[in-house]
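Geometric and topological summary
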Amino acid sequence: MTLSINKNLSKISKSLSSKALTSLALLSVLASFPLSANAGFLDSIRDVQNTISSIGQTANTIRGSKQAVDDLSEEVGLKGQSVPQTTANTTAGQPATGAVLQGKLNSTTLYSQPNKSSASVAILSGQDIMIYMGSEQNNFYYVQSDKGEGWVSKPLVAVQY
């Protein structure tokens, strides 16, 4: 029995001395690095922690602002109501005079009269803007563009907001 205890003690002491040597080796490796390198690493870690903290504070501020808006909406009686959107470019579904229009297709024909059988003034690209001049006839809008003025088919243009 004493023989078995001695063997166990021997194994434990070898294990401890092996762990102690490993720890000592690790300590000596860390000590061999310049202190400035370790300090720079720690500064970087601190910067990351500060950034994360700042993000958290910003999120809390946003949550607080949202809550303040919700509280104000409830106080004023707007809670749960949708706010109607108004646009300066349309009135009762019709473009307002001076509204900006843009073609829905890659090219839109600008006609001299409010019909497709009239002469073509220009072909407008999808990027060309048109200004609605306030007239509508036969499902055509009268517009001004950089390429001239004339009539465009109403379904082929959209009001830009």
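Residues numbered from 1 in each chain as written. Predicted model: local features only at pLDDT ≥ 70, side-chain atom pairs only at ≥ 80, totals over all residues. Heavy atoms only, no water.

The number of helices and strands found in the protein chain is two helices and nine strands. Secondary structure elements in the protein chain, listed N-terminal to C-terminal, are α-α-β-β-β-β-β-β-β-β-β. For the protein chain, with 161 residues in total, the buried portion stands at 19%. If you take every contact in the protein chain between residues at least 6 apart in sequence, the share linking residues at least 24 apart comes to 50%. Of the roughly 11,900 Å² that the protein chain leaves accessible, carbon and sulfur atoms contribute 59%. (Helix = DSSP H or I, 4+ residues; strand = E, 2+ residues; numbered from the N terminus. Buried < 20%, exposed > 50% of the residue type's maximum accessible area, 1.4 Å probe, protein only. Contact = heavy atoms within 4.5 Å. Areas by Shrake-Rupley, 256 points an atom, 1.4 Å probe, with all protein chains shown as cover.)

If you look at the biggest cluster of nonpolar residues, it comprises 12 residues: Ala-99, Leu-101, Leu-110, Ala-122, Leu-124, Met-130, Tyr-132, Tyr-141, Val-143, Val-152, Val-157 and Val-159. Residue assignment for this core shows that the elements contributing at least two residues are β5 (120-125), β6 (129-137), β7 (140-145) and β9 (157-159). The residues touching Leu-124, leaving out its near neighbours within four places in the chain, are Asn-106, Ser-107, Thr-108, Leu-110, Met-130, Ser-145 and Lys-147. (Core = buried A, V, L, I, M, F, W, Y, C linked by side-chain atoms within 4.5 Å.)

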